[in-house]
Amino acid sequence: MSLAGKVALVTGASRGVGRGVAHGLGEAGATVYVTARTAAATSDPAPGTIERTAQEINERGGRGIAVRCDHGRDAEIALLFERIERESGRLDILVNNVHSGVHDIADSVHQRFWEIDPDYWDRMNHVGLRGHYVASVHASRLMVRQHSGLILNISSFGAIAYLFNIAYGVG
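Okay, so let's go over this structure.

Bringing the packing of aromatic side chains into the picture now. For the coordinates displayed, the defined rule picks out one aromatic pair. Centre to centre, the rings of Phe 113 and Trp 114 are 5.5 Å apart; their planes meet at 80°, and the pair counts as edge-to-face. Each member of the pair Phe 113 and Trp 114 is classed as exposed.

What follows is the structure in structure tokens.
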């Protein structure tokens, strides 16, 4: 299927599933906005940046546009969608993939939920669950005006069976 002329946004696209989805959309010819907090190489052992992902999209026949965005900050999400509307005039596909709880999962994997500080819930679900909702609100405003669009939410096995802990599963 050709996505030439279509505009997509993939959140959390510096590595992993988001990066792979962004590559696929680029290969199909879409303009793909890719977001994450990792814009430049860091000491983080998980490699990947949005700049690299955008470059790889360009190499695959699409048009990659890297936009650093902290999806835990509503104002940054709003500015992202304003930019997409200003530059592209439309949004056809939103892929909600961003999540920031990886380090918290590793730190609490052997604890029962009642042994974990309740602030864990906010750290686990603010960027992923809440950030997906906020992005979907902004995307829907563009998509309703153009009478078309698709919103996808990436999840994990934890959505259908217990994995890691309760806060992760709910998210």
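Once that is clear, we can look at the pattern of salt bridges. Following the criterion strictly, the structure yields 11 salt bridges and no others. In this structure, Glu 56 engages Arg 52 in a salt bridge whose closest nitrogen and oxygen atoms are separated by 3.0 Å. Of this pair, Glu 56 and Arg 52 both sit in helix α2 (residues 50-59), four residues apart, which is roughly one turn of that helix. Accessibility expressed as a relative area gives 37% for Arg 52, which makes it partly exposed. Between Arg 130 and Asp 74 there is a salt bridge whose closest N-O contact spans 2.7 Å. Of this pair, Arg 130 sits in helix α5 (residues 119-146) while Asp 74 sits in helix α3 (residues 74-88), and the two are 56 residues apart along the sequence. By relative accessible area, which is 34% here, Asp 74 ends up partly exposed.

Read from one edge of the open sheet, five strands run β3-β2-β1-β4-β5, paired in parallel fashion. The open sheet terminates on both sides in strands that have one partner only, identified here as β3 (63-68) and β5 (150-153). Averaged over neighbouring strand pairs, the angle between their axes works out to 15° when direction is ignored. Across the sheet, α3 is in contact with β1 (7-11), β2 (31-36), β3 and β4 (93-96); its angle to β3 comes to roughly 150°. Those strands touched by α5 are β4 and β5, and its axis lies near 175° from that of β4.

This brings us to the pairing of β1. Within β1, five of the five residues are buried, which leaves the element mostly enclosed by the surrounding structure. Covered by surrounding structure in β1 are Val 7, Leu 9 and Thr 11 together with Ala 8 and Val 10, the residues of both alternating faces. As judged from the five bridges shared by β1 and β2, these two strands associate in the parallel manner. When the sheet's bridge partners are listed, Val 10 is paired in β2 with Val 34. Sheet topology places β1 next to β4; three bridges connect them, and they run parallel. When the sheet's bridge partners are listed, Val 10 is paired in β4 with Val 95.

Rules and cut-offs
- Residues numbered from 1 in each chain as written.
- Predicted model: local features only at pLDDT ≥ 70, side-chain atom pairs only at ≥ 80, totals over all residues.
- Heavy atoms only, no water.
- Phe/Tyr/Trp six-rings, centres within 6.5 Å; stacked < 30°, edge-to-face > 60°.
- Buried < 20%, exposed > 50% of the residue type's maximum accessible area, 1.4 Å probe, protein only.
- Salt bridge = Lys/Arg side-chain N within 4 Å of Asp/Glu carboxyl O.
- Helix = DSSP H or I, 4+ residues; strand = E, 2+ residues; numbered from the N terminus.
- Pairing = 2+ DSSP bridges.
- Axes fitted to C-alpha atoms, helices over the stretch in contact; angles between N-to-C directions.
- Contact = heavy atoms within 4.5 Å.

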